[in-house]
Amino acid sequence: MRRASLSVAFLLSFLPLSVSAQTIRGVVVDSASGRPVDAGFVLLLGPEGKELARALADREGRFVLRAPAAGRYALRSERIGFKVTTSAPVELAADQTLQYRLVVTAVPVRLEEIVVSGDTRCRVRPDEAQATVTVWEEARKALSAVSWVQRQQRLRVRTRSYRRSLGADSTVITERSSIKSGTATKVYAALPAKELATLGYIRRDPNGDYVFNAPDADVLFSDEFLNGHCFRLRTAEDSSSSYVGLAFEPVSGKLPDIKGVIWLDGKSAELRHVDFKYTGFAFPAETDVAGGRVDFQRLANGGWMVSRFWIRMPTFGITREQRFSSMSDVRAGGRSEARARLTGMQEDGGEVLEVFGTDGRQLAASLGATLEGEVFDSIRSMPLIGARVVLAGAPYEAITGPGGTFHLDGLPEGDYTVQFSHPDFPAWGVLPGVARVMLRRGRLSQVLLAVPSSRNLFSLVCPGIKADTLGAVAGLVRDNVTARPVRDAVIRVSWGGYDVVRTDQITGHRLGMEVGSDSTGYFRACGVPANLKLEARVLVGEGEGRPVETRVAPGELKELNLVR
């Protein structure tokens, strides 16, 4: 399979507001208390109940709606978690500004009382008598609110976008990210719903690369999506969760499409996230990792927006297997078959870190993950101060302070490997795979790291090497002029060997290995013979640097710093 790419991204742009002469200015009040009702939407409905305009009520319940022409209209109050209220018809003359008091009755919607049982058939556009419609109606309110905010609000946002390479177990191997600030009307966008319904969610670009597309709010509540997918209710796998799900899947399998679940909070009826998987596409090997997620967040002013999204695209490698079906195959060495296997994933995504309204008020902030812990020197039985703790392959690091403690916050969600290094132990470089952590937004993760014993250190740095007869040398390569670490240097470690030609003649020769320094200038040569004189030197062009001699004991990792 060729390289995969992602067609959705954060967009920073401007969108002009519409201007109209017929205006309705009003306030939303509660029928029981008479108090203003904020954080809800007021819709202007035309003939046959079609939505013509929408406004978000402010903290005093005030709203402004502009009609396209003089005529008869109705107003509808939509608040997530409450049943809608529709006004009596309102006559609006040309160039008129009408003052209106919209009285609403706060009747909560209890999604948690909906029991997923009985008829669980997947239905296209279920009728109003079915519980599916109640759940969908609450999801639609939030999705349409997201769409409106994206079209109408000029928000100041700070976003983080990233591209990750993941292992087959979802652990981050490498990550490149960037943070941007700007004024946005649409921070997340997908291809038009009609185009996705016609051409599918996975396609090839002119270069032959696969492009994976994801849905946004506009797509999810579009007619094309509703007509092309069926829906059924679904409960959360965690019995303690209050989430209620609306599962969807494509009606037709003719094009690459998506299936998944729209998850809402059963107590508040608020939209939480959408999980989806790609379907109807022939991957080189069977896999269920191709998919993504879109998270939604309620803003402080009652609006909604996409707070986070990601898509995972599988990567495959080719392996060859020997097949034997008969004795003749065994004698002939078998039949070689090429077979594709999942080797990892590419994940593209991003999240909104901060959102500010036009008045400077903060409307939302990211619920970043937090990691804290301690590094302990088990050799000297004391906390290790000044250790550099890093998330492998990612640009997030901290230095341990008093007590060997460290703290990292504002981290993206993901599964990472924690590594650390320290100036007192330069032969290490950075210890690989010390611990694995699962970071989740809004949660604290803790980890305890420790300097291993000499024997354990050898096993950690040189896994699979026999410690009874072999050892290792490691250290830092520096430039002889600038004294700076040298990356990608070639180091040759050699030792003497002997061949017995006959009982009275022994021939000597040189054996050895070549290794490279990493991005920080460190090198490791594992599996050198113990108790023999070793020579290590840096290769410079076609020449060799001055050799440095040493010996190692079985299972010893010895520091050996070199100059180029």
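Residues numbered from 1 in each chain as written. Predicted model: local features only at pLDDT ≥ 70, side-chain atom pairs only at ≥ 80, totals over all residues. Heavy atoms only, no water.

**Topic: the nonpolar core**
For the record, the criterion: What makes a nonpolar core is a set of buried Ala, Val, Leu, Ile, Met, Phe, Trp, Tyr and Cys residues whose side-chain atoms join them at distances within 4.5 Å. Only protein chains enter the accessibility calculation, which uses a 1.4 Å probe. A residue is then buried if its area is under 20% of the maximum for its type, exposed if over 50%, and partly exposed in between. Each helix is a run of DSSP H or I of at least 4 residues and each strand a run of E of at least 2, with the numbering of both proceeding from the N terminus. When checking whether two residues touch, look at their non-hydrogen atoms; a contact exists if any pair is within 4.5 Å.
Within the largest apolar cluster, 64 residues are counted, with the highest numbers of intra-cluster contacts made by I262, Y278, F296 and V355. Here the element with the most residues in this core is helix α1 (residues 131-152); it accounts for 9 residues. What I262 contacts, discounting residues up to four positions off in sequence, is W136, A139, V244, G245, L246, F248, L271, H273 and V274. The next biggest cluster of nonpolar side chains, apart from the first, holds 38 residues, and it includes V375, F420, F425 and V447.

**What about the sheet that holds strand β2 (residues 22-30)?**
Note the following rule: Think of it this way: DSSP has to see at least two bridges between two strands before they count as a pair. Helix axes use the C-alpha atoms of the stretch in contact, all axes being lines fitted to C-alpha atoms, and the angles between their N-to-C directions lie in the range 0 to 180 degrees.
On the basis of which strands lie adjacent, the open sheet formed by 3 strands has the order β5-β2-β9 and mixed pairing. Here the strands that pair on one side only, and so sit at the sheet edges, are β5 (62-67) and β9 (97-104). Each adjacent strand pair in this sheet contributes to an overall mean axis angle of 30°, direction not counted. Strand direction decides the pairing type here: β2 and β5, joined by 6 bridges, are antiparallel. From the neighbouring strand, Q22 faces β5, where its bridge partner is A67.

**Some words on the environment of G475**
Looking at where G475 falls in the secondary structure, it is placed in strand β30 (residues 470-478). The residues contacting G475, other than those within four sequence positions of it, are A427, G521, Y522, F523, L560 and N561.

**Some remarks on helix α6 (residues 454-461)**
The cut-off we apply is this: Working definition: the arc comes from the directions between the helix axis and the C-beta atoms, pointing outward to the latter.
Those residues of α6 lying buried are L457, F458 and V461. Take α6 and look down its axis: the buried residues cluster within an arc of 100°, on one side only. Residues of α6 that are buried sit in contact with β30, β33 (522-529) and β37 (557-559).

**Looking at the confidence of the model for the protein**
Counted only if it meets this: Values of pLDDT, the confidence the predictor places in each residue, fall between 0 and 100.
Per-residue confidence for the protein gives a mean pLDDT of 86; residues scoring 70 or more make up 88%. Throughout residues 1-8 the model reports pLDDT below 50, and contacts reaching past four residues in sequence, or to other chains, amount to 37 contacts. Low pLDDT, under 50, characterises residues 11-20; the predicted model gives this stretch 26 contacts beyond four residues in sequence or across chains.

**Observations concerning the packing of aromatic side chains**
Heads up, the rule is: Here is the rule: rings of Phe, Tyr and Trp (six-membered ring for Trp) pair when centre to centre is within 6.5 Å. Planes less than 30 degrees apart are stacked, more than 60 are edge-to-face, and the remainder are tilted. Definition used: whenever NZ (Lys) or CZ (Arg) falls within 6 Å of the ring centre and also within 35 degrees of the ring normal, the charge is taken to sit over that ring.
Enumeration over the complete set of coordinates arrives at 11 aromatic pairs. Summarising the aromatic geometry, the rings of F212 and Y278 are spaced 5.3 Å apart at their centres and angled 80° between planes, so their arrangement reads as edge-to-face. Of this pair, F212 sits in strand β13 (residues 210-212) while Y278 sits in strand β17 (residues 271-279), and the two are 66 residues apart along the sequence. Seen in terms of ring centroids, F281 and F283 are 4.8 Å apart; in terms of plane orientation they differ by 70°. Their pairing is edge-to-face. The ring of W310 carries R312 above its face, with NZ or CZ at 4.7 Å from the centroid.

**Considerations on the state of the cysteines**
Should the sulfur atoms of two cysteines be covalently bonded, the bond is a disulfide. Note the cut-off: The term disulfide is used for any two cysteine sulfur atoms that are within 2.5 Å.
Summed over all chains, the structure comprises 2 disulfides. The residue that forms a disulfide with C122 is C230, at a sulfur-sulfur distance of 2.0 Å. The disulfide joining C122 to C230 has a torsion of about 100° about its S-S bond and is therefore right-handed. Highlighted residues: C122 in the loop between β9 and α1 and C230 in strand β14 (residues 229-235), separated in sequence by 108 residues. The side chain of C462 participates in a disulfide bridge whose partner is C526; the two sulfur atoms lie 1.9 Å from each other. One quick way to see it: the torsion about the S-S bond of C462 and C526 is about -65°, and its sign makes the bridge left-handed. In this pair, C462 is assigned in the loop between α6 and β30 and C526 in strand β33, connecting sequence segments 64 residues apart. Owing to a relative accessible area of 2%, C462 belongs among the buried residues under this scheme.

**Overview of the sheet that holds strand β25 (residues 397-399)**
Spatial ordering of the open sheet is given by β25-β24-β27-β28, a layout of 4 strands whose pairing is antiparallel. Whereas interior strands pair on both sides, the edge strands pair on one side only; in this sheet they are β25 and β28 (435-439). This sheet shows a mean twist of 25° between the axes of neighbouring strands, independent of strand direction. Across 5 bridges, the pairing between strand β27 (residues 414-421) and β28 is antiparallel. Its bridge partner lying in β28, V418 is registered against A435.

**Re the environment of V418**
Tracing the sequence through the fold places V418 in strand β27. Look at V418 and you get buried, because its relative accessible area is 0%. Residues V418 and V434, 16 residues apart in the sequence, show an inter-C-alpha distance of 5.9 Å.

**Looking at the pattern of salt bridges**
Rules: Definition used for salt bridges: Asp or Glu carboxyl oxygen within 4 Å of a side-chain nitrogen of Lys or Arg.
In this structure the tally under the stated criterion is 36 salt bridges. Among the ionic pairs, R140 bridges to E78, the shortest N-O distance being 2.7 Å. Taken together, the residues span a long stretch of sequence, with R140 in helix α1 and E78 in strand β6 (residues 71-78) at a distance of 62 residues. One exposure class covers both R140 and E78, and it is buried. Among the ionic pairs, E549 bridges to K533, the shortest N-O distance being 3.9 Å. In this pair, E549 is assigned in strand β36 (residues 548-550) and K533 in the loop between β33 and β34 (534-540), connecting sequence segments 16 residues apart. We classify E549 as partly exposed; its relative accessible area is 48%.

**Description of unusual backbone geometry**
Even without glycine at this site, D95 takes up a positive phi of about 60°. The topology assignment puts D95 in the loop between β8 (90-92) and β9. Even without being a glycine, S381 presents a positive backbone phi close to 55°. A relative accessible area of 56% places S381 in the exposed class.

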